[in-house]
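Coordinate analysis (summary)
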Amino acid sequence: MPSLLFGLSALYLVLVLLPRWMAFASEVFVFYPSDFFSGFENPRFFGHWVTLTLPLMVHVVLREADKTREILRHALWVVVAMWVAFAIASGTRGSWLALGLVTMALPMVGPAGAQLARGTIVAAVCGLVIYLLMFLVVPFLMQGSVALVGVERLSEGAQLSRRDELWSLSLKGIAAQPFLGAGPMMFAATNNGVGAHPHNVILQLAYEWGLPLTILLVYVVFWAGLRQLSVCRQHGNPLRAALLASITGGLIQAQLDGILVMPFSQTLFALLCAWLGSLTPRDQYLEMDRGFAVRALCCACAIALGILCLPELQDLRKWETATLDEMGASQFLPRFWVQGVIPADSQSRLLTGQ
């Protein structure tokens with residue numbers, strides 16, 4: 001699986017990013033982030049993928065270091081470094097911060113974590129060198145100009161880009177309905193003029209689901225993270241350390257960004273969590289996890305979820321068609337809340353409390 005993830009990332013570099021760079025190099029050397037990341041509605045969404053995949057890619061390179069020829073080993077490092085270079089070009093400050101904090105914390109995991117941290121630092125340095133070559137040196141030599149897209153985001157420093165306004169709106173909503181919350185996706189139900197989600201997963205949970213459930217979920221995640229950290233320190237499994245680094249990076253970035261809101265990165269994050277959980281041998285699970293009560297509760301929840309969702313699924317196609325007709329669009333945009341399926345009359349009733 002790590003090799004497959006590495007291969008898909010390399011394929012994206014070869015088929016999407018590098019051909020665009022070569023086309024610009026041979027024509028007009030003007031770079032814009034959106035030109036490279038055309039598959040993303042916002043170029044900075046590319047950084048979500050880098051946060052969740054870079055530790056695993058470094059793990060693959062370190063794992064194969066003693067098994068491959070020197071030229072192939074260098075080629076693998078180049079792929080990882082270019083992944084970092086385009087992450088810099090995307091201007092995703094949240095990814096830079098998350099990966100930086102995770103790299104500093106990795107030595108706490110043990111020898112496997114320390115090795116992964118060293119590999120990540122090497123990848124970051126090589127990535128920065130490749131970025132400067134592609135966007136500074138080559139453009140200057142060819143046309144006497146530079147194209148430092150992405151790095152100019154550093155000039156913004158600790159600027160919150162109106163996140164403070166979103167956090168303030170979230171806190172007001174939490175204060176208004178602290179126990180049960182406003183309901184799923186209700187932060188995006190109306191246009192507040194700033195953003196469709198709070199750019200903080202804890203505030204979003206508290207706003208939409210209420211404080212009790214949010215506190216419970218934060219406790220469970222914190223407990224599970226400590227348990228995985230303890231297992232990593234005991235067994236020193238490099239793959240477990242890489243997965244824990246990817247998940248931790250995603251959770252850190254989720255406090256500043258929408259990495260757990262975008263459907264694709266959200267799905268990848270869930271798969272990584274399931275992957276990490278699958279590494280635990282069956283005989284190490286708590287005895288209660290195999291008890292009848294837990295299985296009965298899971299079955300009851302699944303049945304209840306099916307009963308609740310079935311009526312919605314039956315009308316889903318009709319609602320989608322009606323929404324697209326109302327919006328005058330042919331398809332849903334990547335930012336799905338722009339064309340959400342909450343009718344205007346329902347919004348007015350929700351806002352007025354009728």
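Our subject is the structure listed above.
This one's a predicted model, so the numbers in the text were calculated from it and none came from an experiment.

Thresholds, definitions, all that
- Residues numbered from 1 in each chain as written.
- Predicted model: local features only at pLDDT ≥ 70, side-chain atom pairs only at ≥ 80, totals over all residues.
- Heavy atoms only, no water.
- Helix = DSSP H or I, 4+ residues; strand = E, 2+ residues; numbered from the N terminus.
- Expected span 1.5 Å × (residues − 1).
- Disulfide = S-S within 2.5 Å.
- Core = buried A, V, L, I, M, F, W, Y, C linked by side-chain atoms within 4.5 Å.
- Buried < 20%, exposed > 50% of the residue type's maximum accessible area, 1.4 Å probe, protein only.
- Contact = heavy atoms within 4.5 Å.
- Axes fitted to C-alpha atoms, helices over the stretch in contact; angles between N-to-C directions.
- Parallel < 35°, antiparallel > 145°, perpendicular 65-115°, else oblique.
- Left-handed = near helix turned anticlockwise from the far one by under 90°.
- Nonpolar A, V, L, I, M, F, W, Y, C, P; charged D, E, K, R; others polar.
- Polar contact = N/O pair within 3.5 Å; in protein donor to acceptor, adjacent residues only side chain to side chain.

1. Quick look at helix α13 (residues 316-327)
When the terminal C-alpha atoms of α13 are compared, their 16 Å separation across 12 residues agrees well with the 16 Å that a helix rising 1.5 Å per residue should span. Within two residues after α13, G328 carries a phi angle of roughly 70°, on the positive side.

2. Comments concerning the state of the cysteines
For the coordinates displayed, the defined rule picks out 0 disulfides. Just so you know, C298 is unpaired, no disulfide at all, and the nearest cysteine sulfur is the one on C301, 6.6 Å from it.

3. Looking at the nonpolar core
Counting 61 residues, the largest nonpolar core has F6, F46, L54, L56, V80, F86 and L272 as the members making the most contacts within it. For this core, the elements supplying multiple residues, two or more each, are α1 (2-26), α3 (46-64), α4 (70-90), α5 (93-105), α6 (111-143), α10 (238-253) and α11 (263-278). With 13 residues, the single largest contributor to this core is α4. Those residues in contact with L56 that lie beyond four places of it in its chain are L5, L239, A242, L243, S246, L272 and W275. Within the second largest apolar cluster, 7 residues are counted, among which are W167, I174, L203 and Y207.

4. Digging into the packing of helix α9 (residues 211-235) against α10
For the pair α9 and α10, interaxial distance at closest approach is 10 Å and the crossing angle is 155°. Accordingly, the angle class assigned to the pair α9 and α10 is roughly antiparallel. For the pair α9 and α10, the crossing hand works out as left-handed. Residues V221, Q228, L229, V231 and C232 of α9 lie in contact with α10, whose contacting residues are R240, A241, L244 and L251. Within the contact of α9 with α10, the residues separate by chemical class into 7 nonpolar, 1 polar and 1 charged.

5. Thoughts on the environment of A224
Considering the arrangement of structural elements, one finds A224 in helix α9. The spacing of A224 and G277 is 53 residues in sequence and 9.7 Å in space, taken between C-alpha atoms.

6. Details of the side chain of S170
Examined against the element boundaries, S170 turns out to sit in helix α7 (residues 163-176). Within the local environment of S170, its side chain forms a polar contact with the backbone oxygen of L166, the two atoms lying 2.9 Å apart. Residues in contact with S170, not counting those within four places in the same chain, are F187, P198, L203 and Y207.

7. Considerations on unusual backbone geometry
A positive phi is found at R162, a non-glycine position, where the angle reads about 70°. Within the fold, R162 resides in the loop between α6 and α7. Looking at R162, the relative accessible area reads 42%, which means it is partly exposed. The backbone of M185 shows a phi angle near 65°, a positive value even though the residue is not glycine. By secondary structure assignment, the location of M185 is in the loop between α7 and α8 (201-209).

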